[in-house]
Every structure is written in C-alpha cells, then in structure tokens.
Amino acid sequence: MNLPVIIKFVIDLLAVLLLALGIKGLSKVKSARDANRLAAFAMSLSVVGLLSYYLGTSGIAIQSWIWIIIGSIIGSLFGAILAKKVPMTSMPETVALFNGCGGMSSLLVALGVAIFPMSGGQENFDFFKSLINEVSISVSIFVGAITFTGSIVAMAKLQGWLSTPGWTQSKVRHFVNIVFAVASLIAFFDLINGNTSSIWLLVLVSSLLGIGVTLPIGGADMPVVISLLNSYSGIAAAAAGFVVDSQLLIVAGAMVGAAGLILTQVMCKGMNRSLVSVLFGGSLSAQSTASSSSGEYTNITSCSVEECALTLEAANKVIIVPGYGLAVAQAQHTLREVTKKLEQNGIEVVYAIHPVAGRMPGHMNVLLAEADVPYEQLKEMDVINPDFPATDVVLVLGANDVVNPQAKNDSSSPLYGMPVLDVQEARTVFVIKRGMSAGYSGIKNDLFDLPNTSMVFGDAKKVLNDLIGELKDLGVGEK
Amino acid sequence: MSFISLLWVLLLGSLLGLELIGKVPPTLHTPLMSGANAISGITMLAALTLIVKAEGNVPLLIIGSVSLGFALFNVVGGFFVTDRMLAMFSRKPSNKK
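In this text the structure is predicted, and so the values were computed from the model without any measurement. (Residues numbered from 1 in each chain as written. Chains lettered and ligands numbered in written order. Predicted model: local features only at pLDDT ≥ 70, side-chain atom pairs only at ≥ 80, totals over all residues.)

## Topic: the overall build of chain B
Here's step 1: Along the backbone of chain B there are four helices and zero strands.
Here's step 2: Secondary structure of chain B in N-to-C order comes out as α-α-α-α.
Here's step 3: Its C-alpha atoms give chain B a radius of gyration of 18 Å, clearly above 13 Å, the size a compact globule of 97 residues would have.
Here's step 4: When contacts within chain B are restricted to residue pairs at least 6 apart in sequence, those whose partners lie at least 24 apart make up 62%. (Helix = DSSP H or I, 4+ residues; strand = E, 2+ residues; numbered from the N terminus. Rg over C-alpha atoms; globule rule 2.2 N^0.38 Å. Contact = placed C-beta atoms within 7 Å.)

## Some points on the overall build of chain A
Here's step 1: When its secondary structure is counted, chain A shows 18 helices and six strands.
Here's step 2: In chain A, which comprises 479 residues, the share counted as buried stands at 52%.
Here's step 3: Of the contacts formed within chain A by residues at least 6 apart in sequence, a portion of 79% connects residues at least 24 apart. (Buried ≥ 20, exposed ≤ 12 C-beta atoms within 10 Å, placed from the backbone.)

## Structural notes on the sheet that holds strand 2 (residues 348-353) of chain A
All names here are of chain A.
Here's step 1: In space, the six strands of this open sheet follow the order 3-2-1-4-5-6, with parallel pairing throughout. Of all the strands in the sheet, just strand 3 (378-380) and strand 6 (453-457) have a single pairing partner and so form its edges. Pairs of neighbouring strands in the sheet enclose a mean axial angle of 25°, with direction left out of account.
Here's step 2: Relative to strand 5 (residues 428-433), strand 4 (residues 393-397) is paired through five bridges, and the arrangement is parallel. Looking at strand 5, one finds that Val393 is bridged to Thr428. (Pairing = 2+ DSSP bridges. Axes fitted to C-alpha atoms, helices over the stretch in contact; angles between N-to-C directions.)

## Brief notes about the interface of chain A and chain B
Here's step 1: On the chain B side, the residues contacting the 100 residues of chain A number 78 residues.
Here's step 2: Only helix 1 (3-25), helix 2 (32-56), helix 3 (62-85), helix 4 (91-115), helix 8 (222-244), helix 9 (247-271) and helix 15 (363-370) of chain A provide two or more residues apiece to the side of chain A that touches chain B.
Here's step 3: Sorting elements by how many residues they give to the side of chain A that touches chain B places helix 9 of chain A first, with 19 residues.
Here's step 4: Its residues assigned to classes, the side of chain A that touches chain B shows 62 nonpolar, 32 polar and six charged. (Nonpolar A, V, L, I, M, F, W, Y, C, P; charged D, E, K, R; others polar.)

## What about the nonpolar core?
Nonpolar side chains in soluble globular proteins tend to be buried together.
Here's step 1: In this structure, Met255, Val321 and Val396 of chain A are the most contacted members of the largest nonpolar core, which totals 193 residues.
Here's step 2: Among the elements that make up this core, the one with the highest residue count is helix 4 (residues 58-96) of chain B (18 residues).
Here's step 3: In this structure Val321 of chain A touches Ala352, Val394, Leu395, Val396, Leu397, Ala399, Val403, Leu421 and Val423 of chain A, once residues within four positions along its chain are discounted. (Core = buried A, V, L, I, M, F, W, Y, C linked by C-beta atoms within 7 Å.)

## What to know about the pairing of strand 2 of chain A
Residue and element names in this part refer to chain A.
Here's step 1: Here four bridges tie strand 1 (residues 317-322) to strand 2, and the two strands are oriented parallel to one another. Residue pairing for strand 2: Val318 is matched across the bridge by Val349.
Here's step 2: Inspection of the sheet shows strand 2 paired to strand 3 by three bridges, in the parallel sense. Within strand 3, the residue paired with Ala352 across the bridge is Lys379.

## Side note on the pairing of strand 5 of chain A
Residue and element names in this part refer to chain A.
Here's step 1: Burial runs high along strand 5: five of the six residues are buried.
Here's step 2: Looking at chain direction, strand 5 and strand 6 are connected through five bridges and run parallel. Bridge pairing in strand 6 links Val429 to Thr453.

## Observations concerning the confidence of the model for chain B
Residue and element names in this part refer to chain B.
Here's step 1: Put simply, chain B has an average pLDDT of 84, and 91% of its residues get 70 or more.
Here's step 2: Averaged over each element, pLDDT in chain B is lowest for helix 4 (83) and highest for helix 3 (residues 44-53) (92).
Here's step 3: We note a pTM of 0.80 for the whole complex and an ipTM of 0.89 for its interfaces. (pLDDT = per-residue confidence, 0-100.)

## Looking at helix 1 of chain A
Here's step 1: The terminal C-alpha atoms of helix 1 of chain A lie 33 Å apart, and with 23 residues this matches the ideal 33 Å at 1.5 Å per residue to within 8%.
Here's step 2: Within the sequence span of helix 1 of chain A, burial applies to Lys8, Ile11, Asp12, Ala15, Val16, Leu19, Ala20, Gly22, Ile23 and Gly25 of chain A. (Expected span 1.5 Å × (residues − 1).)

## As for the UniProt feature "transmembrane region" (unreviewed entry) in chain B
Here's step 1: The residues that UniProt annotates with the feature "transmembrane region" (unreviewed entry) are residues 33-52 and 59-81 of chain B.
Here's step 2: Helix makes up 100% of residues 59-81 of chain B and strand 0%, with an end-to-end C-alpha separation of 33 Å. (UniProt positions renumbered as here; feature names shortened; annotations may be inferred.)

## Thoughts on the confidence of the model for chain A
Here's step 1: The share of residues in chain A with pLDDT of 70 or more is 89%, and the mean pLDDT across the chain is 83.
Here's step 2: Per-element averaging of pLDDT across chain A places helix 11 (residues 284-288) of chain A at the bottom with 46 and helix 3 of chain A at the top with 93.

## Here we look at the environment of His29 of chain B
Here's step 1: On the secondary structure map, His29 of chain B appears in helix 2 (residues 29-39).
Here's step 2: According to the C-beta neighbour criterion, His29 of chain B is buried, with 25 such atoms within 10 Å.
Here's step 3: Setting aside its immediate chain neighbours within four residues, His29 of chain B contacts Leu263, Met267, Pro361 and Gly362 of chain A together with Val24 of chain B.

## What to know about the packing of helix 2 of chain A against helix 3 of chain B
Here's step 1: Orientation of helix 2 of chain A relative to helix 3 of chain B, taken along the N-to-C sense of each, is 20°, at an axis distance of 10 Å. Accordingly, the angle class assigned to the pair helix 2 of chain A and helix 3 of chain B is roughly parallel. As for how helix 2 of chain A packs across helix 3 of chain B, the hand of that crossing is right-handed. For the pair helix 2 of chain A and helix 3 of chain B, contact is made by Ser46, Val47, Leu50 and Tyr54 of chain A and by Met44, Leu45, Leu48 and Val52 of chain B, respectively. (Parallel < 35°, antiparallel > 145°, perpendicular 65-115°, else oblique. Left-handed = near helix turned anticlockwise from the far one by under 90°.)

## Brief notes about the packing of helix 12 (residues 305-313) of chain A against helix 18 (residues 460-473) of chain A
Residue and element names in this part refer to chain A.
Here's step 1: One way to put it is that helix 12 packs onto helix 18 with a least axis distance of 9 Å and a crossing angle of 60°. Classified by the angle between their axes, helix 12 and helix 18 sit oblique to one another. Crossing of helix 12 against helix 18: the hand is right-handed. Contacts between helix 12 and helix 18 pair Val305, Glu306, Cys308 and Ala309 from the former with Val463, Asp466, Leu467, Glu470 and Leu471 from the latter.
Here's step 2: Across the contact of helix 12 with helix 18, the residue classes break down as six nonpolar, no polar and three charged.

This is the structure:
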C-alpha cells in the first residue's frame, strides 16, 4: 500500500463516521443543525479524498479538470439559488426535485460506464467483463430512472402542474405497471446476456414505471412517496458504488436507503396508512366519493369575525389548530400577530400540531418556526389531546380531516382509525375556512355540524387580519 | 476490492442506517428527509471517477460532467435547504429567555 491509498482509506473512513453521526444527529432537535453541517463537511471531505487520491496515483488530465469544474459550478449554483429562493411552503416539492436529480446522477454514471467501457488503468477498469458489473449497472439504471421520473411526477403533482388522471384510479394501472415491470425484467436479463443495446429499453421502461407508480397516488400520500423515493436514491447511489468500485458510495448509499425506509415507515404510522395501501391503494378521495359518509350538512352555524374576537377576548386558554390552508394562504405571520395580542392579555395560547399537519410531516413546525412562534408552544397530538376539555376556544385554521370526529366515532368512515385532534371537546370551536368544500380525503366533516362549532368563512389571512382589527377595538393587547 | 467484501460493506451500511434513526420527533421528519436526501447525492464521487477515468473520451466527459452537475445540485441544494429549515428551530431558544 502506497501513501495515496492509505490517505484515501483514512479519509473515507472518517467521512463514513461523520456521515453516520450526521444522520444520527439529524434525528434530534438540539443537534440537528450542527449534524447537517457535519454531514455537509463529510461530503466535501470525501471529494477532497477522492481527488487527492487520483492526483497521487494516475493524475488528473487538464481536460478532466475543465469538465469537473463546469459540472460542479453549474450544479452547485443552481442548487444553492433554488435552496435560497424557494418559499418554505413549497418544501416538499423542492425535496422531491433534489431527490430526482440524485437519481438521475446515478443513472447517468451507470449509462456512461455501460456505453463507453473505459480503457483499463492500473485498477483494471474492465466493465461488462463480469456479471457483477452488469448487474450493478442494471440496478443503478433501474432504480435511478424510477427515482428520477417518480420524483419529478411527485413534484409536478404537489405544484399542481399535474392532476391525477381518471384512468389511474381504475384497475388498469396495475396492469400497465405490471407490463412495465416485466419489460424491465426482460431488458435486465437481455443486458446481462451481453446485449448492450437493450440498455435503452431498460432506461425507457424503468422511467415509465416510475411515472406509472407515482401518478395514481393522491396528494395527501405524496410525502410518504417522496420519503420512499429518497430511500431509492440511496439504493441507486449504492448500486453506482458497485459500478465504480467505491466502498464509500456503497456505505453512504446503504445508510440513506435504510434510514429512508425507516422514516417512510414512521410517516405511514402517523397517517394511519400502510405502505402497501399508499402504493397500491390509489388516492383516498377516489375510494370515499362513493361511500355513505359524504352526506349533507344539517346544522351549520356561521359567525362573524367580531363574535369570534369577543369570544377570544373572554377566553383563558386558546388552542390553535393550523393546517394546510394556513400554509397556502401564507398566513402564519398574521396568525402570530393575533396570538401575540392574546398572550399580552394573559391568555394562554398553544398550537396543536397533528403529525401530518401541512403538506409533509413536520412541515407545519417549520412554517410556524418561520413566523417566530416559540418552539415550546408547539404541542404534539398525544400531548395536547387531553387538554381540549379544559380549553375555552379552539381556532381551526385550514385544517379539516385531522379534526374530523368521524375518525373516532364512525367505523364505516374511510378515515376511521386515523389519529385526530379531539377539538370537539373544547367549549367553543371556530373553524376558519373559505367555504364548505371537503378536505383532502373528500369526506364530510362531522365537526362542522356540532352545536359548539361556528364557521368563520373567508381566506385565512384576511380573517386573521380582520381579527387583529377587532381585537384592537376591544383593547386586547394594548399594554 | 473483491465483490464479497463490497457486499459486506453494503450489509453493514444498511444495518447502520436502520439503527441510526430510532425515534424521530415528527418535527424533524421534513429536515431529516431533506438532509438524508442531500447525502444520497454522494454519487458525485462516481461522476468524478467517471470524468477522471474518461481519458479524453469527450462523450464520456460530457456524461460525467452532467451527472456531476445533477449530483451537486442535489447535494448543495439539499444541505442549504435543510440548514434553512433547521435555522428556524434553533433561533427560538436564544430569542426566548
């Protein structure tokens, strides 16, 4: 072993250790930010390690440097700009886009190696010689393509660029996807048999499979899919590691793949969905439109902002239930203004965060943190649920399915069994909502019919602004 | 490195990944996903290898460079965006007291 090899070995080992510590740290609130930086440092370290190894052994041609610099600058620049500019509300689709590009990268590496078998250096870079290389190239292409197209479809759906086509809700989609999957298998074995041209078939059908699997999945389940695709991109990276013979790639890819699977599982649990039903069940709304639970409302009480303000002023304890609608209206800052006023009047305010509030688990926490809501005021569902009976006023802002009592009471409801916030236990519930439209699931919300629930119709931001005005008139928070 | 030892590396890496995330508070689901996603851009090393070993083969250089671009988009964007999210959490305690 000469010196460059030893140095690379040590750097790789250190990078793996730091990456592992990074992932571990990211799962705790206190250490998360440092852990993220640690992981970023480990990644840069691994690049330095690889480049110094080549400089010390084969050397790096000027031409290679040029292409390295071009690729790095363009990729990093776009990544950094997007990361800085994108609003916090579009976080899920941003992660999906980044993830898709990671998959694309693995796909291209495998493709490059497959089409242009490189002339042997001292490491004997003979591709397509052994079965292992062919298998790892195929896996890398297959998983990379699915990750890419799947992520792009997920992003487009979250952005509202793509809706769910009707046919994808019928059984036809299973047939179509099985055809794609079988075709991928055929291309795979053809490739291993030495027929290099079938690589294009593999690229095509695995791309189509990624689209076919992701397209039928409804918006509410999309975060789970993104998390799963994130796990796939780790697997794709590990496969690329076999292609270029890099242990570091294999370890890092395997870690992300496995951690992504666990995270996917955790997310499914929070939504009371199984991974199988997410992937093959179609969207929830399609199943429920026919079900009996979509009845008419009989007892809707609507009230003005003024009444709402009066009730709030007299309260001792207020719980805010923020949801997707709040995020869409970008009203988190206005909400913070309202709660500040209430707090100044000595009213206790906390926020009840359902595990899937917002558009992605944990997304609401990020949005409220952006609006300077103290972290201690954000309560998780299990912590806050016993508090509702002792609460005077609950403000539901753009949340719907997560406060539907049907999930507890009506065993025929598609929502039955989903963990929900028991807002109906509070003395008064105000639901701020644009109109009577249903939530993600398309299911009637029994909460709206209850006698202690009043609807305040209007855009969340506008209602909150009016509320600030009314509270001012009442002299709340004027100290 | 022999195939068998690479398989060992794969196995141990997967086990490590399964063990690393025990209990994650829902608050951190989005940042954790985004951070792990940035790490999956480690394929940038494979892209670099491809470029270095291309030995003047221009199409291969281009493929490698594009692949490197995609990977770095993933890595740089992923880490930045995660940091932005986490910055919002860590700002709080210092403000509060």
